[in-house]
Amino acid sequence: MVSLRALECLVAIVDHGSLTRAAAKLLMSQPALSHQIAALERELGTPVMERRPRGVRPTAAGLAAAAEGRIALAAADRAVLAGRQAAAGAGGRIRIACAETMTAWALVPVLRSWRRRFPRVELALTEYTSADTMLEALAGGRADITVGPRPTRTEEHVEVLGAEEMVVVASPEHRFARLDAVPLAELSAEPLVHYDPGNGIAVWVDQFATERGVVLPQPVLRTGSPRTAAQLAAAGMGVALVPFSALTPRTGATVRSIDPVEVRDVIAIVAAPHDELLRRFVGDLKRRGLPDSRVAPGSGTSDAAA
């Protein structure tokens, strides 16, 4: 593989017509310059210059290589500049994988701020319904950062952004409206709005019930979205366990805490924790914090659902 240093040496020789002047321009010794040119000629399999009593003359191969070398050196300069700009927030790209309920709830204020402060940074957002699927995207190089609940397991760098409550949602006239909080066992006798098996929260709900020693009923229907589950429960189709971030304004639903209260972490997982641009983004997420994520104490209703 031809090195950029060798190409730089060749271009300098073509420009100055002399090994001595090229070496002085590059602040290197003439033997070191000759070593770079010899390595380049071995790679190309042909001489790149002819030595003459009054200097050197590039060969046709040398001129062709020098022309492409200028392009490569300019591209390398642009790469360095792009990296420096990205580190300073003046350029670059961040690919965000986010739990679908958390985009508007947690990300939008930071995205809006970055759009204003760093207009040359490209922000690419993909929404998911499974933390494990988001982690696969990160590991597969399709995302730079994930924002959502904890996956089943990870060895990647994790930043805790906060926690959100898991709540019970039912219709406004449901008997749960008379309770301050709902013991999980009460769901055993209720029609259940559950989740598609491919949705990460489906696994969470089943494991949570098992850990609490509660046998959940057969679901009356399944959905891929916690937001849809909350809306179906509010419409009287059954009851649902949803993350607080899935609640939408003016649902008119009965929203109650589980007794005892259950919360889950909201985290960011970063592919390259030392990347300055990603560190800035995560830092802004942590400084901003999460919006209201608990049922209002004593009221049994949420601000989002009021």
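The notes below deal with the structure included here.

About the cut-offs
Residues numbered from 1 in each chain as written. Predicted model: local features only at pLDDT ≥ 70, side-chain atom pairs only at ≥ 80, totals over all residues. Heavy atoms only, no water. Helix = DSSP H or I, 4+ residues; strand = E, 2+ residues; numbered from the N terminus. Rg over C-alpha atoms; globule rule 2.2 N^0.38 Å. Buried < 20%, exposed > 50% of the residue type's maximum accessible area, 1.4 Å probe, protein only. Contact = heavy atoms within 4.5 Å. Areas by Shrake-Rupley, 256 points an atom, 1.4 Å probe, with all protein chains shown as cover. Lys, Arg positive; Asp, Glu negative; His and termini not counted. Charge placed at Lys NZ, Arg CZ, Asp CG, Glu CD. Core = buried A, V, L, I, M, F, W, Y, C linked by side-chain atoms within 4.5 Å. Expected span 1.5 Å × (residues − 1). Polar contact = N/O pair within 3.5 Å; in protein donor to acceptor, adjacent residues only side chain to side chain. Pairing = 2+ DSSP bridges. Axes fitted to C-alpha atoms, helices over the stretch in contact; angles between N-to-C directions. Parallel < 35°, antiparallel > 145°, perpendicular 65-115°, else oblique. Nonpolar A, V, L, I, M, F, W, Y, C, P; charged D, E, K, R; others polar. Salt bridge = Lys/Arg side-chain N within 4 Å of Asp/Glu carboxyl O. Bend = angle between axes of the 7 residues up to and from the residue.

1. Quick word on the overall build of the protein
Scanning the protein from terminus to terminus reveals nine helices and 11 strands. Taking 19 Å as the expected radius of gyration for a compact globule of 306 residues, we find that the protein reaches 30 Å, considerably beyond that expectation. Projected onto the principal axes, the alpha-carbon positions of the protein cover approximately 100 × 35 × 25 Å. Taken over 306 residues, the protein has a buried fraction of 45%. Contacts in the protein between residues at least 24 apart in sequence constitute 76% of all its contacts with a sequence separation of at least 6. Put simply, the protein shows about 15,600 Å² of open surface, and 52% of that area lies on carbon and sulfur atoms. Separation between the mean location of the 35 positive side-chain charges and that of the 33 negative ones in the protein comes to 12 Å.

2. Describing the nonpolar core
Counting 70 residues, the largest nonpolar core has Ile94, Ile145, Val169, Leu187, Val242 and Phe281 as the members making the most contacts within it. With seven residues, strand 11 (residues 254-270) is the single largest residue contributor to this core. Ala22, Ala23, Val56 and Ala66 belong to the second-largest nonpolar core, a separate cluster that totals 20 residues.

3. Comments concerning helix 7 (residues 200-211)
Over its 12 residues, helix 7 runs 17 Å from end to end, which matches the ideal 16 Å to within 8%, given 1.5 Å per residue. Looking at the buried residues of helix 7, the elements they touch are strand 6 (157-170), strand 8 (192-195), helix 8 (226-234), strand 10 (240-243) and strand 11. Sitting at the amino-terminal end of helix 7 is Asn199, which places a side-chain oxygen 2.9 Å from the backbone nitrogen of Ile201. Gly213 sits one or two residues past helix 7 and shows a positive phi near 70 degrees.

4. A look at the pairing of strand 8
Of the two faces of strand 8, the one carrying Leu192 and His194 and the one carrying Val193 and Tyr195 are both buried. Bridging between strand 8 and strand 9 (residues 219-223) involves four bridges; their strand directions are parallel. Residue pairing in the sheet places His194 in a bridge with Arg222 of strand 9.

5. Considerations on the side chain of Thr146
Position of Thr146 among the secondary structure elements: in strand 5 (residues 145-149). Beyond its immediate chain neighbours, meaning those up to four positions away, Thr146 contacts Ala97, Met134, Leu138, Ile267, Ala268 and Ile269.

6. Observations concerning the pairing of strand 2 (residues 55-58)
Each regular strand displays side chains that alternate between the two surfaces of the sheet. Where strand 1 (residues 49-52) meets strand 2, four bridges bridge the pair, whose relative direction is antiparallel. Residue Glu50 lies in a different strand from strand 2, and its bridge partner there is Arg57. The turn joining strand 1 and strand 2, which pair antiparallel and follow one another in sequence, is formed by two residues.

7. Structural notes on the packing of helix 1 (residues 4-16) against helix 3 (residues 30-44)
One way to put it is that helix 1 packs onto helix 3 with a least axis distance of 9 Å and a crossing angle of 110 degrees. Taken together, the axes of helix 1 and helix 3 are roughly perpendicular relative to one another. Note on element contacts: helix 3 touches helix 1 through Leu33, Gln36, Ile37 and Leu40, opposite Arg5, Ala6, Cys9, Leu10 and Ile13. Residues of the contact of helix 1 with helix 3, tallied by class, amount to seven nonpolar, one polar and one charged.

8. A few points about the pattern of salt bridges
With the rule as written, the count across this model stands at 14 salt bridges. Two residues, Arg5 and Glu8, come together in a salt bridge whose shortest N-O distance is 2.6 Å. Taken together, the residues Arg5 and Glu8, both in helix 1 and three residues apart, mark about one turn of the helix. Here Glu8 falls in the partly exposed class, since its relative accessible area comes to 30%. The closest approach of N and O atoms between Arg175 and Glu190, which form a salt bridge, is 2.8 Å.

9. A few points about helix 5 (residues 103-117)
Relative to the 21 Å expected for 15 residues at 1.5 Å per residue, helix 5 spans 19 Å between its end C-alpha atoms, a close match to the ideal helical length. Bending of helix 5 peaks at approximately 25 degrees at the position of Pro109. Of the positions making up helix 5, those classed as buried are Thr103, Trp105, Ala106, Leu107, Pro109, Val110, Leu111, Ser113 and Trp114. Close packing links the buried residues of helix 5 with strand 3 (93-99), strand 4 (122-128), strand 5, strand 6, strand 11 and helix 9 (276-288).

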